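Geometric and topological summary
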Amino acid sequence: MLKIPQDILDAMVSHARELAPHECCGLLGGSDDLVTQLYRIKNVVALEGAETVTHFDESKVAHLQLLSPEERAEIAFVMDAHEQALALKDMRAKGIRLQAVYHSHPVSPARPSLTDIKNATEFDVIREKLNLPKPLYLIISLQDRVNPDLRVYTIQNHQAVSAEFRAV
Amino acid sequence: MIKVRIPTPLRPLTRGQGEVETKGGSVAEMIDHLEGMHPGLKARLCDEKGELRRFVNVYVNEEDIRFLKGKDTVLKDGDEVSIVPAIAGG
Ligand SMILES: [Zn+2]
């Protein structure tokens, strides 16, 4: 079971709150199921063309294109590829591995959306070829503003399965 | 020959192919060569200045070109290039 230090859980909630109503995103690194490092990654979904290179389905792309760039981050995230690469490189340097990918749902429940499942499924195929570890997916829901809900899932083959984590 | 993995969102530009073959040279030359075969691909990967867009990574074998020599990274016969969209969701 994934163990996440309380300060890292708090830091993810802070990240989500700072960026609301936009979605935040980031990576958790660690070893032996213990998270030791949080990496905030910039959400660049608003950049021109971002929605067309990512694994969004046609309806999501159409929805994003109806929104202004500022609004796009309210319903989606795309990690800054450079920051993502730097985080993965830093993990290698520290001798830790990718444990989880996190992002926030500012107004919806902490359940993976179809877009989350599709993107994670596609990432699962390529990450194996690139020798990247299989991450868990953590979602921070701010639907209840007072009590943020954090949940963890495994996602593969178009299926999300609830997983457990423990605050330490 | 260099093998290039094309992610699903860009396959409409490669007539559905998930893997295409290209010549060696630098990554920049490879992208130009791909553009010659599959027009439109370069604009999805690079901005007007030819820099890799902030939502896509290019790997040579298992290494991100950002940590090699970027676009000047030289490809050799048998290398596998992967075009990988940044992690995303909704
Ligand atoms: Zn989501």
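Residues numbered from 1 in each chain as written. Chains lettered and ligands numbered in written order. Predicted model: local features only at pLDDT ≥ 70, side-chain atom pairs only at ≥ 80, totals over all residues. Heavy atoms only, no water.

Turning next to the overall build of chain A. A tally of helices and strands in chain A yields 6 helices and 9 strands. Against the 2.2 N^0.38 benchmark of 15 Å for 168 residues, chain A shows a C-alpha radius of gyration of 15 Å, consistent with a compact globule. Each principal axis of the C-alpha atoms in chain A carries an extent, and together these give about 45 × 40 × 30 Å. Buried positions account for 50% of the 168 residues belonging to chain A. Across chain A, every contact between residues at least 6 apart in sequence was considered, and the portion connecting residues at least 24 apart equals 68%. (Helix = DSSP H or I, 4+ residues; strand = E, 2+ residues; numbered from the N terminus. Rg over C-alpha atoms; globule rule 2.2 N^0.38 Å. Buried < 20%, exposed > 50% of the residue type's maximum accessible area, 1.4 Å probe, protein only. Contact = heavy atoms within 4.5 Å.)

The protein atoms that coordinate the zinc ion are A:H103 (NE2), A:H105 (NE2), A:D116 (OD), A:D116 (OD) and B:G90 (O), at distances spanning 1.8 to 2.6 Å. Linking A:H103 in strand β5 (residues 97–105) with B:G90 in the segment after β8 (88–89), this pair reaches from one chain into another. Each member of the pair A:H103 and B:G90 is classed as buried. (Donors = N, O, S within 2.8 Å, 3.2 Å for Na, K, Ca; no water.)

Here we come to the interface of chain A and chain B. The parts lose accessible area when they come together, and the size of an interface is often stated as this lost area. Between chain A and chain B, the residue contacts involve 41 residues of the former and 26 residues of the latter. When chain A packs against chain B, the two sides together hide about 2700 Å² of surface, and 62% of this comes from carbon and sulfur. On the chain A side of the contact with chain B, A:V53, A:A81 and A:L130 bury the most area, a combined 23% of that side's loss. Here A:R92 and B:E63 are joined by a salt bridge, their closest N and O atoms 3.1 Å apart. Secondary-structure elements contributing two or more residues to the side of chain A that touches chain B are α2 (50–53), β4 (77–78), α5 (81–94), β5 and α6 (114–129) of chain A. Among the elements that make up the side of chain A that touches chain B, the one with the highest residue count is α5(A) (8 residues). (Buried area = accessible area lost by both parts, 1.4 Å probe. Salt bridge = Lys/Arg side-chain N within 4 Å of Asp/Glu carboxyl O.)

Residue and element names in this part refer to chain A. Looking along the chain, the bond that leaves A20 and enters P21 is cis, with omega of 10°. A positive phi is found at D32, a non-glycine position, where the angle reads about 50°. Counting through the fold element by element, D32 comes out in the loop between β2 (25–31) and β3 (34–41). Note on D32: relative accessible area 71%, which makes it exposed. The phi torsion at D33 lies on the positive side, around 65°, for a residue other than glycine.

Residue and element names in this part refer to chain B. Strands sit in the order β2-β1-β7-β4-β5 across an open sheet of 5 strands; the sheet is mixed. Two strands bound the open sheet, and with one partner strand each, they are β2 (19–22) and β5 (63–64). Bridging between strand β1 (residues 2–5) and strand β7 (residues 80–85) involves 3 bridges; their strand directions are parallel. Bridge pairing in β7 links R5 to S82. (Pairing = 2+ DSSP bridges.)

Let us look at the environment of B:P9. As for its placement among the helices and strands, B:P9 is situated in the loop between β1 and β2. Among all residues touching B:P9, those that are not within four sequence positions of it are A:T52, A:V53, A:T54, A:H55 and B:R44.

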